[in-house]
Amino acid sequence: MFIVTLLAAVGLSAVAQKMNVARDTQFYQKAEVRAAVSKNALKKAPAKAAEETTQMHVGYVSDGASLSAMNVNNGTYHPCSYFSPDLLKKFVGCKVVGMRFAVYSTALQNVTAWISLDPSTKQFLATSTREALVEGWNEVMFATPYTITGNAEEFYVGYTFKSVSSAENTLMTCPGVKTTYGFLLDTSTAFRYSDYTSYGSLAVQLLVEGNLPKYDIALQEFSTDHTYYLGLDATMQMYTYLENKGARNIQGVIFEGMFDDDVTKSFQLQVSDSIPMEGSVLQYALPLSQFGLGVGTHTFSLKAASQFDGTPFTANTTDDDQVMTTFNIYENSLNRSAFVLEMFTHQQSYLDTIQVNIVEKMQKLRTDIVPVFIHGNYFGASYPDQMAMDEAVDYANLFGVTEIPSMMFNRYKMPVYQGIPVEMNATSSNYASYFSNYVTMIDEEVPALATVNITPSAQDGKLVLTVSGMRNGDFKSIFGNGALTVYLLEHGVVAPQLSFTETTISNYEHNNVLRKVVTALRGDEIKWSGLRFNMTYTVDVEPAWSLDDMTAVAFIAKPITDTTRADNMEITNANSVSLEGLNTGIKGIEQLNSSQKDNAVYDLQGRRVAVPSRGIYIKDGVKVLVK
């Protein structure tokens, strides 16, 4: 074990580079954050006199958490969060005197806050109404406080409201915090439970009063890189937000760190800075070379052991004092073929045209970008998308997508850039360059440990895709067997699209539209023969497809399970191939001229067509494609 004493060398600051900034901001500014850490220029936070309070907010979402808005349709809703015995045990004997919740829309009606052992019974331990709302946090006080007994206590905390406009964002959630919670929704009289875990935790908190725990710390928003090159003197860039959840300032912290649960690879991190009531940030670059770590997957844990002077933290408050992550070390990499940019999109999303503009400009900057536009009925049955994939909503939920449009960059780190800001419209070239630089950073930090190639053929209405490749010696220790995903994309699809000016473009040309997921949605396990694989897929060519306007995409990623973290799903390599020119038994012609009108031309439903437009038809018993 070795001890690292941090007096002024590591920055603890409640202002600079806070880890409770919006996830998307952290995602984009990763390089800038790293630069700030390497300079070690953050000033030591001044120690504050011990302060004590008799009230505090309790919940899964902290006071300074960055929140996201979420749409709901018209109707009455009862969103709530489950408060477990573990969360409440440190407040035994305290009174719940009120609660607060965060909303985006101030137009909600009939708002009532409540606590209940079982909301389906409509029996409540405490209730309070709120007449006027403000955007963000709204606090209410209970006329009759509820005392926490500690008898394996658990209850639901929520609020009821009526929404009158489905066009407004209403609920607020914290995408960075995933806990057991849900929404209780209804539009009539019966409560219906819907699990929205992928959207993060609902922004609700209790206001607790009484004999609060004096010294309580929580490690939040823990973040490190996930891949390191063995041949370099790598340092683990570590960030965590230290939330002071007790009634007094914490006079510095001694942390215990460990790799692979091996006591011979442990250390102490001593931070003398006081942790004020508003919390602070721990940033440190930990040299990995000192721990003798080899190629493969490793674990790293960090635990708050005691205050700097040895004072222990209050008993029964240690459930959130430790964080752990996995990371990988590799020795050799292969050449990368392409990056996959997966975009979640919808015809009724007016920001989609901005997203397309940025992607097109990125493709002019680099040739290794494979865009995939995933259309889905994300807004419900009332707002259908003509190009929607049946699996799209499940896919979006898998990655925690809360806004449309959103994009994923090779599923690296926190893979989803949530939402496309309006200001991108005016500075799309700058954003395209910024995204391109980010992709370059991915190329430097996430190795290509396998190759992937696609060989297409077609015959008798069947499309055959042979996907092959090889791995290097480091692949299996990091990716296991890996997961292969194969997409079919179509270009030149003419369909309406809402524009940035909120007017509909009736003949908008959609490109890179995901038409089919050939493999399982989460990918197929790769079947290796030594260091190589060869897998073949046969697909029925749908009559509406024009293979000349289609592309096959294949990529290898980490396997995804129900417990896989959103920041550990990266793609190691990808490739694409055009399907233009494949023989499928469909004859392509540029047009049917007037002399051909009298020949019997039918659509695929058997109806005669006088002047066919672009599409597939039947002429003289043969399928023809009108371009």
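Residues numbered from 1 in each chain as written. Predicted model: local features only at pLDDT ≥ 70, side-chain atom pairs only at ≥ 80, totals over all residues. Heavy atoms only, no water.

Right, let's talk about the overall build of the protein for a bit. Along the protein, the regular secondary structure elements total 7 helices and 44 strands. Among the 627 residues that make up the protein, the fraction classed as buried is 54%. Once local pairs closer than 6 in sequence are excluded, the contacts in the protein between residues at least 24 apart make up 76%. Carbon together with sulfur atoms contributes 48% to the accessible area of the protein, which is approximately 26,600 Å² in total. (Helix = DSSP H or I, 4+ residues; strand = E, 2+ residues; numbered from the N terminus. Buried < 20%, exposed > 50% of the residue type's maximum accessible area, 1.4 Å probe, protein only. Contact = heavy atoms within 4.5 Å. Areas by Shrake-Rupley, 256 points an atom, 1.4 Å probe, with all protein chains shown as cover.)

The subject of this paragraph is unusual backbone geometry. Cis geometry marks the peptide bond from Ile 404 to Pro 405, where omega comes out at 0 degrees. In this structure, Lys 122 takes a positive phi of about 60 degrees despite not being glycine. Tracing the backbone through its elements, the reader meets Lys 122 in the loop between β7 (109-116) and β8 (126-130). Phi at Glu 502 is positive, roughly 65 degrees, even though this residue is not glycine. Considering the arrangement of structural elements, one finds Glu 502 in the loop between β32 (497-498) and β33 (504-505). Its relative accessible area of 56% is what places Glu 502 among the exposed residues.

Here 4 strands make up an open sheet; going across it, the order is β28-β29-β38-β37 and the pairing antiparallel. Each of the sheet's edge strands pairs with one partner strand only, and the pair in question is β28 (453-459) and β37 (528-529). Examined bridge by bridge, β28 and strand β29 (residues 462-470) share 7 bridges and lie antiparallel to one another. The partner of Asn 453 across the bridge, within β29, is Ser 468. (Pairing = 2+ DSSP bridges.)

When the terminal C-alpha atoms of helix α4 (residues 352-365) are compared, their 20 Å separation across 14 residues agrees well with the 20 Å that a helix rising 1.5 Å per residue should span. Every buried residue of α4 is listed here: Asp 352, Thr 353, Ile 354, Gln 355, Val 356, Ile 358, Val 359 and Met 362. Elements that come into contact with the buried residues of α4 comprise β24 (339-345), β25 (369-375), β26 (406-409), α6 (428-445) and β32. (Expected span 1.5 Å × (residues − 1).)

A few words on the pattern of salt bridges. If charged atoms from side chains of opposite charge come close, those side chains can pair. All told, the structure shown has 9 salt bridges when counted by the stated rule. The salt bridge involving Glu 490 is made with Arg 515; its shortest N-O contact spans 2.9 Å. Residue Glu 490 is located in strand β30 (residues 483-490), and its partner Arg 515 is located in strand β35 (residues 513-517); the two are separated by 25 residues in the primary sequence. Residue Asp 562 pairs with Arg 522 through a salt bridge whose shortest N-O separation is 3.1 Å. Here the residue Asp 562 occupies a position in the loop between β39 (550-557) and β40 (571-578), and Arg 522 occupies one in the loop between β35 and β36 (524-525), the gap between them amounting to 40 residues. On the basis of relative accessible area, Asp 562 is assigned to the exposed category, the value being 71%. Looking at Arg 522, the relative accessible area reads 31%, which means it is partly exposed. (Salt bridge = Lys/Arg side-chain N within 4 Å of Asp/Glu carboxyl O.)

Once that is clear, we can look at α6. One turn of the α-helix equals 3.6 residues, which is why residues spaced by three or four share an orientation. Helix length check: α6, at 18 residues, gives a terminal C-alpha distance of 25 Å against a target of 26 Å (1.5 Å per residue), a fit within 8%. Taken together, the buried positions of α6 are Ser 428, Ala 432, Phe 435, Ser 436, Tyr 438, Val 439, Met 441, Ile 442 and Glu 445.

Once that is clear, we can look at the packing of aromatic side chains. This model, assessed by the stated rule, comprises 29 aromatic pairs. Aromatic side chains Tyr 395 and Phe 399 sit 5.2 Å apart centroid to centroid with 85 degrees between the ring planes, which places their arrangement in the edge-to-face category. You'll find Tyr 395 and Phe 399 in the same group, each marked buried. Through pairs of rings, three or more aromatic residues link up here, namely Phe 222, Tyr 228, Phe 259, Phe 267, Phe 291, Phe 300 and Phe 327. (Phe/Tyr/Trp six-rings, centres within 6.5 Å; stacked < 30°, edge-to-face > 60°.)

Here we come to the confidence of the model for the protein. On average, residues of the protein carry a pLDDT of 79, and 80% of them reach 70 or more. Counting interchain partners and residues more than four positions distant, the pLDDT-below-50 stretch residues 1-50 has 121 contacts. Note that residues 594-598 has pLDDT below 50 and, in this model, 7 contacts with residues that lie over four places away or in other chains. (pLDDT = per-residue confidence, 0-100.)

Orientation of α4 relative to α6, taken along the N-to-C sense of each, is 60 degrees, at an axis distance of 8 Å. Relative to α6, α4 is oriented oblique. The element α4 and its partner α6 pack so that their crossing is right-handed. Taking contact as the criterion, the partners of Asn 357, Ile 358, Lys 361, Met 362 and Leu 365 in α4 are, on α6, Ser 428, Ser 429, Tyr 431, Ala 432, Ser 433, Phe 435, Ser 436 and Val 439. Residue classes in the contact of α4 with α6 are distributed as 7 nonpolar, 5 polar and 1 charged. (Axes fitted to C-alpha atoms, helices over the stretch in contact; angles between N-to-C directions. Parallel < 35°, antiparallel > 145°, perpendicular 65-115°, else oblique. Left-handed = near helix turned anticlockwise from the far one by under 90°. Nonpolar A, V, L, I, M, F, W, Y, C, P; charged D, E, K, R; others polar.)

Our focus in this paragraph is the environment of Thr 240. Within the fold, Thr 240 resides in strand β18 (residues 235-244). Sequence-wise, Thr 240 and Val 323 are 83 residues apart; in three dimensions their C-alpha atoms are separated by 9.1 Å.

Take the side chain of Glu 342 next. Here Glu 342 shows up in strand β24. Looking at Glu 342, its side chain comes within polar contact range of the side chain of Tyr 395, at 3.3 Å. A polar atom in the side chain of Glu 342 sits 3.0 Å from the side chain of Arg 411. Filtering out sequence-adjacent residues up to four positions away, Glu 342 remains in contact with Val 372, Ile 374, Tyr 395, Ser 406, Met 407, Met 408, Arg 411, Tyr 487, Phe 555 and Ile 571. (Polar contact = N/O pair within 3.5 Å; in protein donor to acceptor, adjacent residues only side chain to side chain.)

This next bit is on the environment of Thr 519. Within the element layout of this structure, Thr 519 appears in the loop between β35 and β36. Separated by 32 residues in the primary sequence, Thr 519 and Tyr 487 have C-alpha atoms spaced 7.7 Å apart. Contacts of Thr 519, omitting those with residues within four sequence positions, involve Leu 484, Thr 485, Val 486, Asp 524 and Tyr 537. Looking at Thr 519, its side chain comes within polar contact range of the main-chain nitrogen of Val 486, at 3.2 Å.

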